Amino acid sequence: MICDDARNLHFYLGTHRANWIATAPPGVSLFLSHRVLRKYKTLPTFYDWPVPTRRARRRHVAIDSGAFTELSLHHQFVTTPEEYVAALARYDEVIELDWAAPQDWMCEPWMLAKTGLTVAEHQRRTVENFLLLTELWPQVSDAECPVMPVIQGWTVDDYLACVALYEEYGVRLAEDYELVGVGSVCRRQGSAEIGDIFRTLAGLDLPLHGFGVKLAGLRRYGRYLVTADSMAWSYAGRRTPTQCGSTRHKSEANCQVFALNWRNHVEAVAAEAKREIGQPDQLDLFPTPARAAHQRASRPAKQAAAAHPGQDDQLDLFAAA
Ligand SMILES: [Zn+2]
């Protein structure tokens with residue numbers, strides 16, 4: 001599904017603007033929420049090519065289920081798995097999705113406080129939702145199911161327990177999936193633990209997707225990722241008065257020019273990291289028992305970017321630019 005050079009990190013630019021599917025430059029992959037796309041009766045398309053050539057020139061698009069927002073607002077899902085799968089089939093028919101996130105249950109402590117449930121229960125619901133979505137898919141589409149399994153947890157051991165839970169349910173993450181998401185990481189990008197989590201999971205030979213990466217996170221664990229998404233630029237853009245010359249917006253929160261400039265920063269960090277492939281990862285100087293138990297040879301694809309802990313995140317970078 002993801003036809004990029006396996007050695008490069010394939011980056012999906014997050015946006016609230018569905019029309020970017022049509023208007024962003026060729027080669028820019030997008031990450032859009034179901035909460036945005038569901039409002040469109042007619043979905044934007046990239047090039048209005050005849051159908052036989054559309055596949056070759058299509059826009060790479062991945063879908064966020066909007067799980068974080070739904071759980072934050074309602075402490076449960078109000079979108080049923082049947083509704084979500086039907087919506088995905090509609091998007092896939094027109095846009096041809098790279099992948100879609102499941103309706104997963106985040107394990108941040110403040111999310112557990114909202115639902116009143118345990119990490120183990122969030123993990124069980126996450127795995128069972130993935131299985132249900134993949135089971136429902138053939139009822140709505142003949143195409144390959146785009147739903148990506150997501151590992152949820154908070155500590156390294158939690159994530160390993162979630163991998164084991166998938167195995168118990170008969171899901172072989174490393175063997176059968178092109179991409180496996182790692183949840184509950186967006187809001188702790190600069191922490192040391194996050195690098196340990198990704199290194200441990202990559203050691204299990206899992207092809208990892210990083211949700212909501214920032215440059216600090218990309219430097220720390222980007223080398224373990226196959227794909228990543230982010231709309232960190234938009235949060236920075238909210239606080240940035242218009243600098244692109246447009247008279248149509250007051251801040252850069254939804255500006256494509258601003259977003260593409262930020263994407264260039266991401267590409268530069270990934271390219272810089274790629275030049276350092278083969279050099280030792282300084283974080284490996286501090287092994288943990290969990291990692292030692294699961295350490296295995298990494299796939300070449302995961303050497304896409306190197307870790308440079310302690311450097312400024314993208315907000316600081318942008319402020320300085
Ligand atoms: Zn602008």
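Scroll up to find the structure this text is about.
Residues numbered from 1 in each chain as written. Predicted model: local features only at pLDDT ≥ 70, side-chain atom pairs only at ≥ 80, totals over all residues.

(A) Looking closely at the overall build of the chain. A tally of helices and strands in the chain yields 15 helices and eight strands. Within the chain, the proportion of its 321 residues that are buried is 42%. The contacts in the chain between residues at least 6 apart in sequence include a share of 73% that link residues at least 24 apart. (Helix = DSSP H or I, 4+ residues; strand = E, 2+ residues; numbered from the N terminus. Buried ≥ 20, exposed ≤ 12 C-beta atoms within 10 Å, placed from the backbone. Contact = placed C-beta atoms within 7 Å.)

(B) A look at the sheet that holds strand β4 (residues 99–100). As summarised here, the arrangement of the eight strands in space is β4-β3-β2-β1-β8-β7-β6-β5, forming an open sheet in which the pairing is parallel. The sheet terminates laterally at β4 and β5 (150–151), the two strands that pair on one side only. Both strand β7 (residues 208–210) and strand β8 (residues 225–230) contribute to a ladder of three bridges, which runs parallel. The residue bridging His-209 from the neighbouring strand is Thr-227, located in β8. (Pairing = 2+ DSSP bridges.)

(C) The arrangement of helix α4 (residues 67–74) in detail. Restricting attention to buried positions, one finds in α4 the residues Ala-67, Phe-68 and Leu-71. All buried residues of α4 project into a common sector of 100° when viewed along the axis, lining one side. In α4, the exposed positions that point more than 90 degrees away from the buried face belong to Leu-73 and His-74. Structurally, α4 contributes buried residues whose contacts are with α6 (109–115). Note on α4: the residue one or two positions beyond its end, His-75, has a positive phi of about 65°. (Arc of directions from axis to C-beta.)

(D) Inspection of the packing of helix α8 (residues 156–168) against helix α10 (residues 192–202) at higher detail. It is the contact of α8 with α10, at a shortest axis distance of 9 Å, that shows an interaxial angle of 30°. Relative to α10, α8 is oriented roughly parallel. Read as a crossing pair, α8 and α10 show a hand that is right-handed. Listed contacts from α10 to Val-156, Tyr-159 and Leu-160 of α8 are Asp-196, Ile-197, Thr-200 and Leu-201. When its residues are assigned to classes, the contact of α8 with α10 shows five nonpolar, one polar and one charged. (Axes fitted to C-alpha atoms, helices over the stretch in contact; angles between N-to-C directions. Parallel < 35°, antiparallel > 145°, perpendicular 65-115°, else oblique. Left-handed = near helix turned anticlockwise from the far one by under 90°. Nonpolar A, V, L, I, M, F, W, Y, C, P; charged D, E, K, R; others polar.)

(E) Quick peek at the nonpolar core. Core analysis: the largest hydrophobic core is formed by 79 residues, its most contacted members being Leu-30, Leu-97, Ala-100, Phe-198, Leu-201 and Leu-208. With residues near it in sequence (within four places) discarded, Leu-30 still touches Tyr-12, Leu-13, Thr-15, Trp-20, Ile-21, Ala-24, Arg-59 and Val-61. (Core = buried A, V, L, I, M, F, W, Y, C linked by C-beta atoms within 7 Å.)

(F) Just the environment of Ala-86, in detail. Note that Ala-86 resides in helix α5 (residues 81–95). The class for Ala-86 is partly exposed, based on 14 C-beta atoms found within 10 Å. Separated by 47 residues in sequence, Ala-86 and Leu-133 place their C-alpha atoms 9.9 Å apart.

(G) Main features of the pairing of strand β1 (residues 10–14). Burial within β1 is extensive, with five of its five residues counted as buried. Burial along β1 is two-sided: the face carrying His-10, Tyr-12 and Gly-14 and the face carrying Phe-11 and Leu-13 are both buried. The sheet contact formed by β1 and β8 spans four bridges and is parallel. From the neighbouring strand, Leu-13 faces β8, where its bridge partner is Ser-230. Relative to strand β2 (residues 29–33), β1 runs parallel, the two sharing three bridges. Pairing of Tyr-12 across the sheet is with Ser-29, part of β2.

(H) Just helix α7 (residues 119–136), in detail. Over its 18 residues, α7 runs 26 Å from end to end, which matches the ideal 26 Å to within 8%, given 1.5 Å per residue. Listed as buried for α7 are Val-119, His-122, Gln-123, Thr-126, Val-127, Asn-129, Phe-130, Leu-133 and Leu-136. Lining the buried residues of α7 we find α5, α6, β5 and α8. (Expected span 1.5 Å × (residues − 1).)

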